[in-house]
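Okay, here's what each chain looks like letter by letter:
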Amino acid sequence: MKITIIGGGSWATAIIKILSEGNVHIKWWMRNSEDVEYIKKLHHNKNYLSSVEIHPSKVKPYTNLKEALRDTEWIVLAVPAAFLSDALKSINKNHLQGKKVISAIKGMIPATNQLVTDWIEQTYEVPAHDIGVIAGPCHAEEVALEKHSYLTIASPNLVLANDFANLLRCRFVSTSALADLYGVEYSAVMKNIVALACGITHGLGGGDNFQAVMVSNAMQEICRVVDVIDPMKRDLSASAYLGDLLVTAYSQFSRNRTFGNMVGRGYSVKAAQLEMNMVAEGYYAVKCIYEMLKGYEIDIPITNFTYQILYQNAPLKKEFEDLKEKLK
Ligand SMILES: NC(=O)C1=CN([C@@H]2O[C@H](COP(=O)(O)OP(=O)(O)OC[C@H]3O[C@@H](n4cnc5c(N)ncnc54)[C@H](OP(=O)(O)O)[C@@H]3O)[C@@H](O)[C@H]2O)C=CC1
Ligand SMILES: O=C(CO)COP(=O)(O)O
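Small disclaimer: the values here were computed from a predicted structure and weren't measured.

**Points about the packing of helix α10 (residues 208–229) against helix α11 (residues 239–250)**
The angle between the axes and the distance between the axes are what describe a pair of packed helices. As a packed pair, α10 and α11 sit with axes 11 Å apart at the nearest point and diverge in direction by 145°. For the element pair α10 and α11, the recorded crossing hand is right-handed. Facing Gln211, Ala212, Val215, Ala218, Met219 and Ile222 of α10, the residues of α11 in contact are Tyr241, Leu242, Leu245, Leu246, Ala249 and Tyr250. In terms of residue class, the contact of α10 with α11 is built from eleven nonpolar, one polar and no charged.

Printed below as a string of structure tokens:
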């Protein structure tokens, strides 16, 4: 099976580890030629999940995206959404023609406030039935440790979702497929915003009791948002929705929670970004969701709280007090 992975960060590295359990030929694109040389020579990704062994017989790193896309069947996008258009700037729709595109990204395109899959469909004319997402509660760090994890592939095309789920299934990863692309993708975006809020309120002194109430309210907020955007019957208690919210809100590995916690403890947004060598998608997504929902009459107190603090420099303690009043 020929697969191209786009992105050189932690999640790309984890996905490569998972896929390398099977019989695959992976072309791995990243932007930095020094990183490529390091992997070719030492078989590890220097900057992210550096303990993971990269098998040279299965994985070939590239900096030329056109070459990395040549003669491939599946493409996995694993660059933070805000940098996706930059990462793909050297290619056009012809390079994606006839290929299946799976987004592992849990963010939105800031320039257009679009989901990654909508942006790919519109910009590169990839048909919806050739597009899917990788979702589910799964931190790259736990994949590196081979801790058993669960991934859900969502696509309007269940055949494609099942095919990719089969490729990912291995001795430490269970997989399943769902047809609810929008519900899964928006929930994954929203849970990052909630994790930021969990971090901020924890940094401000909120305890486990408060967080439990916030996460319960967050699930209802996610439900309202998803219902407004794409109303249909769905079970949001499934692990691709609720499970991902829980792991991101509570895990020590969550970038979004860590970022929020720094802000809650008094770091500026800039300082928190500099301190982390990884990307908290929720930072970009909260602005997209806030702007996207402006015209809707929908109650989104946790999104508003996070947006006001991260983008309007609102006073932390006052926002926290206001949020306390709004949660039940
Ligand atoms: N980490 C995780 O556990 C999970 C992450 N995800 C999602 O995966 C996506 C990727 O996140 P993750 O791997 O964690 O991110 P990381 O912060 O680990 O890595 C970011 C990667 O993006 C690259 N990058 C930054 N700017 C650009 C650019 N302009 N062009 C090309 N590449 C660029 C960085 O390259 P460089 O090193 O050269 O700066 C780096 O390889 C996100 O949407 C995230 O939500 C989903 C599930 C789990
Ligand atoms: O999506 C994730 C876990 O499922 C990763 O979340 P963070 O980006 O907050 O680490």
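**Examining the site of ligand 1**
Near ligand 1 lie 23 residues; those nearest to it are Ser10, Asp86, Ala140, Arg255 and Glu281. Here an oxygen atom of ligand 1 and a backbone polar atom of Ala104 are 3.5 Å apart. With respect to ligand 1, the backbone of Ala140 contributes an N or O atom lying 2.7 Å from an oxygen atom. For ligand 1, whose free accessible area comes to 900 Å², the fraction covered by protein is 89%. Contributing elements (two or more residues each) for the shell around ligand 1: α1 (10–19) and α4 (84–87). For the shell around ligand 1, a count of residues per class yields 14 nonpolar, four polar and five charged.

**A few points about the UniProt feature "domain: Glycerol-3-phosphate dehydrogenase NAD-dependent N-terminal" (unreviewed entry) in the protein**
Under the present numbering, the feature "domain: Glycerol-3-phosphate dehydrogenase NAD-dependent N-terminal" (unreviewed entry) in UniProt falls on residues 2–157. Each end of residues 2–157 is marked by a C-alpha atom, and these two atoms are 20 Å apart; helix forms 30% of the span and strand 24%.

**Points about the nonpolar core**
Of all hydrophobic cores here, the largest spans 54 residues; its most connected members are Met108, Met214, Phe259, Ile289, Ile302 and Leu310. No other element matches the eleven residues that helix α9 (residues 181–203) contributes to this core. Filtering out sequence-adjacent residues up to four positions away, Ile302 remains in contact with Val194, Ala197, Met214, Asn217, Ala218, Glu221, Leu323 and Leu327. Listed in part, the 40 residues of the second largest apolar core include Val59, Ala104, Ile134 and Cys138.

**What to know about the pattern of salt bridges**
Tallied over the entire structure, the rule returns 17 salt bridges. In this structure, Glu146 and Lys17 form a salt bridge, with 2.7 Å as the shortest nitrogen-oxygen distance. In this pair, Glu146 is assigned in the loop between α7 (140–144) and β9 (149–154) and Lys17 in helix α1, connecting sequence segments 129 residues apart. Glu146 gets classed as partly exposed once you look at its relative accessible area, which sits at 32%. In this structure, Lys287 engages Glu291 in a salt bridge whose closest nitrogen and oxygen atoms are separated by 3.2 Å.

**With respect to α9**
In a regular helix each residue adds 1.5 Å, so 23 residues correspond to 33 Å; α9 covers 34 Å between its end C-alpha atoms and thus fits that length. Of all 23 residues in α9, 20 are buried; the element is thus mostly enclosed. Looking one or two residues past α9, Gly205 carries a phi angle of roughly 105°, positive in sign.

**Comments concerning the side chain of Glu221**
Looking at where Glu221 falls in the secondary structure, it is placed in helix α10. Within the buried set, Glu221 has no salt-bridge partner at all; the shortest N-O distance to an opposite charge, 4.4 Å, is to Arg224. Leave out the neighbours within four places in its chain, and Glu221 touches Met190, Asp299, Ile300, Pro301, Ile302 and Thr303.

**Side note on the pairing of strand β10 (residues 173–178)**
Pairing between β9 and β10: six bridges, direction parallel. Bridged to Leu151 within β10 is Thr175. Following the chain from β9 across helix α8 (residues 158–168) to the adjacent parallel β10, one finds a crossover that is right-handed.

Conventions adopted
Per chain, residue numbering runs from 1 following the sequence as it is written. Numbering of ligands from 1 and lettering of chains from A proceed in the order in which they are written. Only residues with pLDDT of at least 70 get local features here, since the model is predicted, and only at 80 or more are side-chain atom pairs given and counted; chain-wide, interface and lining totals rely on the full set of residues. In computing side-chain properties, one takes all heavy atoms of the structure into account and sets aside hydrogens as well as water. Axes here mean lines fitted to C-alpha atoms, for a helix over just the part in contact, with angles spanning 0 to 180 degrees between N-to-C directions. Under the DSSP-based scheme used, a helix requires at least four consecutive residues in state H or I and a strand at least two consecutive residues in state E, with every element numbered from the N terminus. Crossings are assigned a handedness: left-handed for a near helix turned anticlockwise from the far helix by less than a right angle, right-handed for a clockwise turn. Pairs of residues are marked as contacts when any of their non-hydrogen atoms sit within 4.5 Å. Each residue is assigned to one of three groups, with Ala, Val, Leu, Ile, Met, Phe, Trp, Tyr, Cys and Pro labelled nonpolar, Asp, Glu, Lys and Arg labelled charged, and all others, Gly among them, labelled polar. Throughout this document, a residue counts as near a molecule or strand when at least one of its heavy atoms sits within 4 Å of that molecule or strand. Any N or O atom pair separated by 3.5 Å or less is treated as a polar contact, with the protein-specific requirement of one donor-capable and one acceptor-capable atom, and with residues adjacent in sequence counted only for side-chain atom pairs. Each accessible area is a Shrake-Rupley result for a 1.4 Å probe, and residues are judged covered by the shown protein chains and nothing else. UniProt positions are given in the numbering used here, feature names are shortened, and annotations may be inferred rather than shown by experiment. Side-chain atoms within 4.5 Å link the members of a nonpolar core, which is a set of buried Ala, Val, Leu, Ile, Met, Phe, Trp, Tyr and Cys residues. Partly exposed describes any residue whose relative accessible area lies between the buried limit of under 20% and the exposed limit of over 50%, with all areas from a 1.4 Å probe on protein chains only and scaled to the type maximum. By definition, a salt bridge exists where a carboxyl oxygen of Asp or Glu is found within 4 Å of a side-chain nitrogen of Lys or Arg. Multiplying 1.5 Å by the helix residue count minus one yields the expected span of that helix. Working convention for charge: Lys and Arg count positive, Asp and Glu count negative, and His plus the chain ends are omitted. Strand pairing follows a simple DSSP-based rule, namely that at least 2 bridges must link the two strands. Orient the strands so they point away from the viewer, and a crossover whose first-strand-to-second-strand path over the helix runs clockwise is right-handed.

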